[in-house]
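So the chains spell out like this:
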Amino acid sequence: MKLIIVSGRSGSGKSTALHVLEDLGYYCIDNLPIGLLFPLTQEAAAQEKPGRLHRMAVSIDARNLSGELANFEDIHSRLQATGVTIEIIFLDADEQSLLQRFHATRRKHPLSNDKVSLREAIQTEKALLEPLSKLADLYINTTGMSMYELRDQVKQRVVGRKDQELALLFQSFGFKHGVPLDSDYVFDVRCLPNPFWDNSLRQYNGTDQPVIDFLEREPATRAMVEDLTRFLETWLPGFTASNRTYMTISIGCTGGQHRSVYVCEQLGRHFRKNYNNVQVRHTELPHLRTREE
């Protein structure tokens, strides 16, 4: 059987992720007490043939007992020893985004009260959920991400992947906006010639032909793409061999509009030849946020 555990801070999108999994055939349970994980998996194992419990997804959040959260690593190891295939998806967002989401919806944070402010509750929740976040197979930073983009990410990266298959995400970003927190690898391409300084190219991005032509005239661009490709071809198989299931490779330039976008597109195109689940995401280009072929 397969068990997906969805966790993360309140307001990060756990309910959205769980709804996607439910729509795709998973038996889903929201806010499951950690202590019920063993009875649930035992019930699934007792079924004579694969049934509704063969693929399950549960959300676990800070409303669990703090002692059970602190002991989650041990519980996780014991579950794996029973033969259950477990994946942990951890969703999060930066503190300011979480504050804005709670203010917008006027919902009460589960850890806040008349003595604990919303900001304090968000910070406390991060510490409580650390045992789950450090074991996460997939970390998704939903800062600036719409509900529809999150749905697409879960569909493409989790459900669109065969078991034991490495799912790759190449995402471009701008260093002036900060490095994406969900990165496994971060590569800096700001040493490449910058199309931004050509006034005729500022209106375009790294998927547009004028920018592509500009960058491909530069030998450094070709060398950078070839070096990154060779590095990833060398080391990604090692992650697959160690049962790693998700990798997020972030490519950054100054504004996240030109050089990083172009390099991500090139890497995505190359690695689709050998990997079935490859997505390209441009964090600074809303109309091109997530793409797949």
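Computed from a prediction, not measured in an experiment: that's the story for all the values here. (Residues numbered from 1 in each chain as written. Predicted model: local features only at pLDDT ≥ 70, side-chain atom pairs only at ≥ 80, totals over all residues. Heavy atoms only, no water.)

**Examining the packing of aromatic side chains**
Evaluation of the coordinates by the stated rule reveals nine aromatic pairs. Note on Tyr185 and Phe231: the rings are 5.4 Å apart at their centroids and 75° apart in plane angle, and the pair reads as edge-to-face. Separated by 46 residues along the polypeptide, Tyr185 in strand 7 (residues 185-188) and Phe231 in helix 10 (residues 219-241) bring together distant segments of the chain. The interplanar angle of 85° and the centroid separation of 6.0 Å between the aromatic rings of Tyr185 and Phe239 together place this pair among those described as edge-to-face. Of the two residues, Tyr185 is situated in strand 7 and Phe239 in helix 10; the sequence distance between them amounts to 54 residues. (Phe/Tyr/Trp six-rings, centres within 6.5 Å; stacked < 30°, edge-to-face > 60°. Helix = DSSP H or I, 4+ residues; strand = E, 2+ residues; numbered from the N terminus.)

**Points about the packing of helix 1 (residues 14-23) against helix 8 (residues 147-159)**
Between helix 1 and helix 8, the shortest axis-to-axis distance is 9 Å and the interhelical angle comes to 50°. With respect to their mutual orientation, helix 1 and helix 8 come out oblique. Crossing hand, helix 1 versus helix 8: right-handed. Residue-level inspection shows Thr16, Ala17, Val20, Leu21 and Asp23 of helix 1 in contact with helix 8, the latter providing Met147, Leu150, Arg151, Val154, Lys155, Val158 and Val159. (Axes fitted to C-alpha atoms, helices over the stretch in contact; angles between N-to-C directions. Parallel < 35°, antiparallel > 145°, perpendicular 65-115°, else oblique. Left-handed = near helix turned anticlockwise from the far one by under 90°. Contact = heavy atoms within 4.5 Å.)

**Re the nonpolar core**
Among the nonpolar cores identified, the biggest contains 29 residues, and Leu168, Phe170, Ile249, Ile251 and Val263 are the most heavily contacted of them. When residues of this core are traced back to their parent elements, those giving at least two are strand 6 (167-174), strand 7, helix 9 (209-216), helix 10, strand 8 (246-253), helix 11 (259-271) and strand 9 (278-282). Apart from residues lying up to four places away in sequence, Ile251 is in contact with Gln171, Ser172, Phe173, Phe187, Val189, Leu228, Ser260, Val263, Cys264 and Leu267. Listed in part, the 23 residues of the second largest apolar core include Ile5, Ile34, Ala44 and Phe72. (Core = buried A, V, L, I, M, F, W, Y, C linked by side-chain atoms within 4.5 Å. Buried < 20%, exposed > 50% of the residue type's maximum accessible area, 1.4 Å probe, protein only.)

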